[in-house]
2 protein chains.
Amino acid sequence: MIVLKLGGSAITDKSRPETLDGPALERASDAIAAALDGDGVENGLVIVHGGGSFGHHHASEHGLTRTSGSRDVTAAMDVHRAMKTLNAFVLERLLERDVPAVPVHPFSTAHREEGGDLVLPTGQVATIVAEGFVPVLHGDVVSHAGEGVTIVSGDELVAGLARDLEADAVGLCSTVPGVLDDDDAVIGYISSYDDVEPVLGASDATDVTGGMAAKVRALLDLESPATIFGLDDLEAFLAGDQPGTTIDGASAVD
Amino acid sequence: MIVLKLGGSAITDKSRPETLDGPALERASDAIAAALDGDGVENGLVIVHGGGSFGHHHASEHGLTRTSGSRDVTAAMDVHRAMKTLNAFVLERLLERDVPAVPVHPFSTAHREEGGDLVLPTGQVATIVAEGFVPVLHGDVVSHAGEGVTIVSGDELVAGLARDLEADAVGLCSTVPGVLDDDDAVIGYISSYDDVEPVLGASDATDVTGGMAAKVRALLDLESPATIFGLDDLEAFLAGDQPGTTIDGASAVD
């Protein structure tokens, strides 16, 4: 099974609130439809998309982060509605191309315990995949014991799904072709954060859901190998190639 | 905690596809808003609504029942979209009255195992309630191992929620004022199916989600007392009264 994240920045125009990057989403959808016609994803595909200009705008307006919440129903519904709108756009493009995509809304299933640990049921996702559909999740609000609702990022969902569903591979389709070194060349392989600390520095959140350093750290903790690549390489990734940067913390530990 | 079911027939016009019974939904929403201003629901409220003319129409068109499924994504999405439309109408009326209602879509969280047993996570519902919101679930499709997607009825959700969340009371707001005897008088109390078999006969499904006999049988199996009443009695029920028919199988067993 493959878990594919479509970065929010890759499919929306982050400079304007609630604005899709239509051509980018069309290209991503074309690549996914082509992959389903081939045999690169014959064990199933789970898609997660980020918030981009749909989620982040409302989250920051209402002061919501992964740890700081709100009990204001307007805050919860503003983020949730905006993310469902983006999810509906993604589903529409996929369904047009005969990808049997169905929505899975995290606010309806996940929650955080006191202290912030995410509880994410995955039995429904596994069953949806086993029955031949392609579940499409997204960054969202989730109820959080003691905090009201907080944000769950697409990256957190990817990590939880990859772990529970024992994903064969994780792909992050981003606005960049991979993790870049100081000369803007793609670093092909990372097995330890030490490899990239001189380039990325310490973890440094650039938005509510974390920057590249945080992404790399989280991906190093996965059992599954993860690949960060740009839109041009999505079809190659889904065909089984490893374009961009492959991050494999588990094999380094072995 | 109170689990309240708004029957699909009570809030939609079942004679016409995808048609709301607007005045009935307004009255139900008024009663719920009034109850939240009082102290009848101070331990929290979970709302579940049925499908009425939104869900059943598409379910029967695609041949979907609780046991017979489909792997056609159009079948899944037709039912799911129609139910989300009805859910959005319900939420809108509640939010207008300052009820902090948020949606919980069963297709996003529940699934059926082979054999049909429903797996319904409830940690998110408990957290949503504990944080002061009112979750609103609905009849829906769910993924079903070996069947594609099948229907989950509002009544099944009510039973699962009442059990897991140890509901203090379960209310079913229906088109009738209670379970009626042969003279159309409301039967006040039922503690065993034997009490009503002469009136209701054997279980006899009148739609994909079961008729009154099936409802009574299911409610007798709950640990929580359940009350069936009409729209006129919703406010009284939420204030702690027991209008209509109270069904209490657990106390009879004690």
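Residues numbered from 1 in each chain as written. Chains lettered and ligands numbered in written order. Predicted model: local features only at pLDDT ≥ 70, side-chain atom pairs only at ≥ 80, totals over all residues. Heavy atoms only, no water.

An unreviewed UniProt entry lists chain A under the name Isopentenyl phosphate kinase, with Natrarchaeobaculum aegyptiacum given as the organism. Of chain A, the UniProt comment under Sequence similarities (unreviewed entry) reads exactly: "Belongs to the isopentenyl phosphate kinase family." Per its UniProt entry, chain A bears the Function (unreviewed entry) comment "Catalyzes the phosphorylation of isopentenyl phosphate (IP) to isopentenyl diphosphate (IPP). Functions in an alternate mevalonate (MVA) pathway leading to IPP, a key precursor for the biosynthesis of isoprenoid compounds such as archaeal membrane lipids." (UniProt positions renumbered as here; feature names shortened; annotations may be inferred.)

Colleague: Explain the sheet that holds strand β5 (residues 118–119) of chain A to me, and be specific about the residues and the numbers.
Modeller: Think of a sheet as strands paired side by side through backbone hydrogen bonds, with each pair either parallel or antiparallel. Residues and elements named next belong to chain A. What the four strands build is an open sheet, ordered β5-β4-β7-β8; its pairing is mixed. Looking along the sheet, the strands with just one partner apiece sit at the ends: β5 and β8 (148–152). Across two bridges, strand β4 (residues 111–112) lies against strand β7 (residues 140–144) in parallel orientation. What sits directly across from H111, in β7, is S143. Strands β7 and β8 of the sheet are contacted by helix α4 (residues 73–96), whose axis makes an angle of about 140° with β7. (Pairing = 2+ DSSP bridges. Helix = DSSP H or I, 4+ residues; strand = E, 2+ residues; numbered from the N terminus. Contact = heavy atoms within 4.5 Å. Axes fitted to C-alpha atoms, helices over the stretch in contact; angles between N-to-C directions.)

Colleague: Summarise the pattern of salt bridges; cite the residues concerned and give the values.
Modeller: The final tally for this structure, using the stated rule, is 22 salt bridges over all chains. Between A:E26 and A:R93 there is a salt bridge, with its nearest N and O atoms 3.1 Å apart. Placement of A:E26 in helix α2 (residues 22–37) and of A:R93 in helix α4 is noted, with a sequence separation of 67 residues between them. A residue is classified by how much of its surface remains accessible, and A:E26, at 29% relative accessible area, is partly exposed. Note that B:R112 and B:E156 form a salt bridge whose closest N and O atoms lie 2.8 Å from each other. Taken together, the positions of B:R112 in strand β4 (residues 111–112) and B:E156 in helix α6 (residues 154–164) put the pair 44 residues apart, joining distant regions of the chain. Like B:R112, the residue B:E156 is buried in the burial classification. Three or more residues joined by partner-sharing salt bridges are found here, namely A:E26, A:D30, A:E92, A:R93, A:E96 and A:R97. (Salt bridge = Lys/Arg side-chain N within 4 Å of Asp/Glu carboxyl O. Buried < 20%, exposed > 50% of the residue type's maximum accessible area, 1.4 Å probe, protein only.)

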